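Architecture and fold: a report
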Amino acid sequence: MLNRKITNGDIFIVFDMEWNQPLPGKEYPFEVSALTGEIIEIGAVKYVYESGTLIEKDHFSYDIKPVCYRTIHYHVKKVTHKTNDDLKNGKPFEEVYRAFKEFCGENAILVGWGNSDTDMLKMNLKFFGLDDYLGMYFLDIQPLFSVFSTEKGKQRSVEFAVDYYEVPKIESFHSATSDAKYTGAIFKNIIERNDTCEVINAIEKSTLDPDIKREYTEVGAACPSVSQAFSMLDGFCCMCPICSDSFDCIIPNFRIRKSAYGLFECKEHGVFFGRTRVRKNKSGNYYASAVLRFATQTELFLVESKKEEYDLYGIDGAPVVIKEQSLKESE
């Protein structure tokens, strides 16, 4: 899976969903881990990309009547202001999803704020016996906003980004339809306020295939020293976890204190972020845990900034006083 190339005429579907949750302490006739949230609303805005701008084309908005979690969870009620009566309305999930697929069309790119929506959508499809293959690339614009704003390296909310770009707050937040509109406005600002080549390059590097597992982990055996713990997972970041081909190293593994970082590329599946951390167990021994996942713009920035720290200060990293001063200057 090479990252999706962007050309004139490409369709972006900026979407958002709301879902209800199981009530704590209530027994259900199924394992709730198989359905941690039941989708109750899908909202979306369709855009066409043309020469450095997004042209709004259509809207999508449907409420869904839940069949498993029919009593509103107190947290969902607090955030969305939906009531139990609201949950009695809406169309069946399968019908709404069919309409959503038709709305998206062929070769569209899904866009969202964070990646939880695609995970939840696939979970609902699988739980209700539907095909959970989405067949579309996905772009998380939360890290894109971080890169193209003064908030580099920080995770911010949709409302923060709306304020940053001075988007008029016409509708309330935390409905799928309004949040999709706000996210679309943020996306439009990112594209149109920045250098077109830089933005498109970042988008192409950030589009992922949600039908491919994003994250892979490994935990090593306990060892008497930190160095030995790291060595237990030496081979984990050497090859692509999908196709097992050897990685090309963009930034080879380097270690700062008890963490190691790297950026690696598979010619077929794209760029991966790698991080290994060493911790101490209750017996006083050390063990390493490693993660490989498709790199986002935030993770590219993280590795690059950590590499700068490593080049300046080596394995011990920046002195605490310098790090605290840097933190104060960024506030």
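In this report, the structure presented in the accompanying data block is examined. (Residues numbered from 1 in each chain as written. Predicted model: local features only at pLDDT ≥ 70, side-chain atom pairs only at ≥ 80, totals over all residues. Heavy atoms only, no water.)

1. With respect to the environment of Ile190
Along the chain, Ile190 falls in helix 7 (residues 176-192). A relative accessible area of 0% places Ile190 in the buried class. For the pair Ile190 and Ile141, spaced 49 residues apart in sequence, the C-alpha separation works out to 9.0 Å. (Helix = DSSP H or I, 4+ residues; strand = E, 2+ residues; numbered from the N terminus. Buried < 20%, exposed > 50% of the residue type's maximum accessible area, 1.4 Å probe, protein only.)

2. Describing helix 3 (residues 93-104)
In this model, helix 3 (twelve residues) spans 16 Å end to end at C-alpha, consistent with the 16 Å of a helix rising 1.5 Å per residue. Burial in helix 3 covers these residues: Phe93, Val96, Tyr97, Phe100, Phe103 and Cys104. Taken end-on, helix 3 shows its buried residues confined to a sector of 115°, consistent with a single buried face. Seen from the open side of helix 3, the exposed residues pointing more than 90 degrees away from its buried face are Arg98 and Glu102. Tucked into the core, helix 3 has its buried residues touching strand 1 (11-20), strand 2 (38-50), strand 3 (53-63), strand 4 (109-112) and helix 4 (116-127). (Expected span 1.5 Å × (residues − 1). Arc of directions from axis to C-beta. Contact = heavy atoms within 4.5 Å.)

3. Remarks on the side chain of Ser149
In this fold, Ser149 is placed in the loop between helix 5 (141-147) and helix 6 (158-164). From its side chain, Ser149 meets the backbone oxygen of Phe145 in a polar contact 2.7 Å long. (Polar contact = N/O pair within 3.5 Å; in protein donor to acceptor, adjacent residues only side chain to side chain.)

4. Focus: the sheet that holds strand 5 (residues 137-140)
Here we have five strands laid out as an open sheet, ordered 3-2-1-4-5, and mixed in their pairing. One side of each edge strand has no neighbouring strand; the edge strands of this open sheet are strand 3 and strand 5. Sheet twist, expressed as the average angle between the axes of neighbouring strands with direction ignored, equals 25°. Direction of pairing for strand 1 relative to strand 2: antiparallel, over a ladder of ten bridges. Bridging across to strand 2, Phe15 finds its partner in Ala44. (Pairing = 2+ DSSP bridges. Axes fitted to C-alpha atoms, helices over the stretch in contact; angles between N-to-C directions.)

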